[in-house]
Amino acid sequence: MSLQFPRLAARFPRKRAFITGAGSGLGLALTHALARDGWSLGLFDHNLSRLTAIEGELSAAGVAVLAYPGDVTHSNELTVAVNTFATSNNGLDIMVNNAGVACAGNLMDTSLDDWQWIVDINLMGVVHGSRAAIPHLQRNGSGLLINVASAAAFASAPGMVAYNATKAAVLSISETLCTELRDAGTQVSVVMPTFFRSGLLESFRGSDEHRAGAARAMDNSTYAVDQVARDVLVQAGAGRTHIVLPGSARWLWRLKRWMPGVFLKSVVAMREKMRAGR
């Protein structure tokens, strides 16, 4: 059987990965992609019934999998799960901080409760996952930390202020860790995809108008979640730090980095165009 991700297999022959938010969306797609390549998997998700079903399905297919129900906002739950998985598998090669939620609204429309909710999950969930995994990744001398952000990390579209802020923080944390962990041989990759169909709307907070807009953007996307997962693993395996997906969106990333003023003007123009099209 030929491997989908030969570079990852060559770098990490023991094939041990832990994924948060593994019960749906990109987390589930990453789970299936690695399972097909024979990885031993630790899966973490807050949805017990969904997690149990996935564990049963993969176990029946001969995949070495351990499932851990829990909440990424609780550092102790996540740390115990990561430590238990690493102990059971004599180490950890890849940690994927994927769990995340979305909310929409302007600064004054977004309640402080919603701010706290999204910061606790999108930002602190990555902090908790990274703190739990880094000692194990460093011990290997060749670990890989993958943090899932979003194109929102740099696009800063209006009406998504809390979501944008948390994803920008994930980008900043990842870039910082890239340097901090370099001497230990740990690679850090940050994933910044545009819209694709995922489970984000299940827990979405925001107005009906914002929900409908997000749903339209997802429905109109031709970028399938399985392809997103494959692209993440291929590019991370190749050593890429900034993974902007799909490839056609990289010009946005370059424009924002090279000409931020021009980029912001294009955001304003796009907003006006969308308003006119209502």
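Residues numbered from 1 in each chain as written. Predicted model: local features only at pLDDT ≥ 70, side-chain atom pairs only at ≥ 80, totals over all residues. Heavy atoms only, no water.

Draft legend 1. Structural context of helix α5 (residues 112–140). The terminal C-alpha atoms of α5 lie 41 Å apart, and with 29 residues this matches the ideal 42 Å at 1.5 Å per residue to within 8%. Largest kink in α5: about 40°, centred on M124. Immediately downstream of α5, the backbone of G141 shows phi near 80°, a positive value. (Helix = DSSP H or I, 4+ residues; strand = E, 2+ residues; numbered from the N terminus. Expected span 1.5 Å × (residues − 1). Bend = angle between axes of the 7 residues up to and from the residue.)

Draft legend 2. Structural context of the nonpolar core. With 35 residues, the main nonpolar core has L41 and I94 as its most contacted residues. Elements with a contribution of two residues or more to this core: β1 (16–20), α2 (25–36), β2 (40–45), α3 (48–60), β4 (94–97), β5 (144–148), α9 (225–237) and β7 (242–245). Top contributing element to this core by residue count: α2, with 6 residues. Residues within four places of I94 in sequence aside, it is in contact with L8, F12, R16, A17, F18, W39, L137, L144 and I146. Residues F44, W117, I134 and L145 belong to the second largest nonpolar core, which totals 32 residues. (Core = buried A, V, L, I, M, F, W, Y, C linked by side-chain atoms within 4.5 Å. Buried < 20%, exposed > 50% of the residue type's maximum accessible area, 1.4 Å probe, protein only. Contact = heavy atoms within 4.5 Å.)

Draft legend 3. Inspection of the pairing of β2 at higher detail. Burial of β2 is extensive: 6 of the 6 residues sit out of reach of the surface. Side chains of β2 alternate between two faces, with S40, G42 and F44 and L41, L43 and D45 buried alike. In this structure, β1 lies alongside β2, joined through 5 bridges in parallel fashion. Among the inter-strand pairings, R16 is bridged to a residue of β2, identified as S40. Traced from β1 through α2 to β2, the parallel crossover comes out right-handed. (Pairing = 2+ DSSP bridges. Right-handed = clockwise from strand over helix to strand, strands pointing away.)

Draft legend 4. Structural context of the packing of helix α4 (residues 75–88) against α5. Relative to each other, α4 and α5 sit at 30°, their axes nearing to 9 Å. One element, α4, and the other, α5, form an angle in the roughly parallel class. Viewed along their axes, α4 and α5 form a crossing whose handedness is right-handed. Touching S75, L78, T79, V82, N83 and A86 of α4 are G125, H128, G129, A132, A133 and H136, all from α5. Among the residues forming the contact of α4 with α5, the class breakdown is 5 nonpolar, 7 polar and no charged. (Axes fitted to C-alpha atoms, helices over the stretch in contact; angles between N-to-C directions. Parallel < 35°, antiparallel > 145°, perpendicular 65-115°, else oblique. Left-handed = near helix turned anticlockwise from the far one by under 90°. Nonpolar A, V, L, I, M, F, W, Y, C, P; charged D, E, K, R; others polar.)

Draft legend 5. Representation of unusual backbone geometry. Looking along the chain, the bond that leaves L245 and enters P246 is cis, with omega of -10°. Tracing the chain through its elements places P246 in the loop between β7 and α10 (250–258). The phi angle at N90 is positive, at roughly 55°, despite the residue not being glycine. Along the polypeptide, N90 turns up in the loop between α4 and β4. Located in the positive-phi region is S156, a residue other than glycine, with phi close to 55°. Mapped onto the elements of the fold, S156 is located in the loop between α6 (152–155) and α7 (161–180).

Draft legend 6. Layout of α9. In this model, α9 (13 residues) spans 18 Å end to end at C-alpha, consistent with the 18 Å of a helix rising 1.5 Å per residue. When we look at burial in α9, the residues that qualify are V228, A229, D231, V232, L233, Q235, A236 and G237. Following α9 by one or two positions, G239 adopts a phi angle in the positive range, close to 90°.

Draft legend 7. Summary view of the pattern of salt bridges. Scanning all chains against the criterion turns up 2 salt bridges. Ionic pairing is found between E175 and R257, a salt bridge with its closest N-O pair at 3.6 Å. Pair noted here: E175 is in helix α7 and R257 is in helix α10, with a separation of 82 residues, a long-range link. (Salt bridge = Lys/Arg side-chain N within 4 Å of Asp/Glu carboxyl O.)

Draft legend 8. Fine view of the packing of α5 against α7. The interhelical angle for the contact between α5 and α7, taken along N-to-C directions, is 15°, at an axis separation of 8 Å. In terms of orientation, α5 lies roughly parallel with respect to α7. Crossing handedness for the pair α5 and α7: right-handed. Between α5 and α7, the contacting residues are W115, I118, V119, N122, L123, V126, V127, S130 and I134 on the first element and V161, A162, Y163, A165, T166, K167, A169, V170, I173 and L177 on the second. Looking at side-chain class alone, the contact of α5 with α7 contains 15 nonpolar, 3 polar and 1 charged residues.

By themselves, these are just geometric observations and shouldn't be taken as functional.
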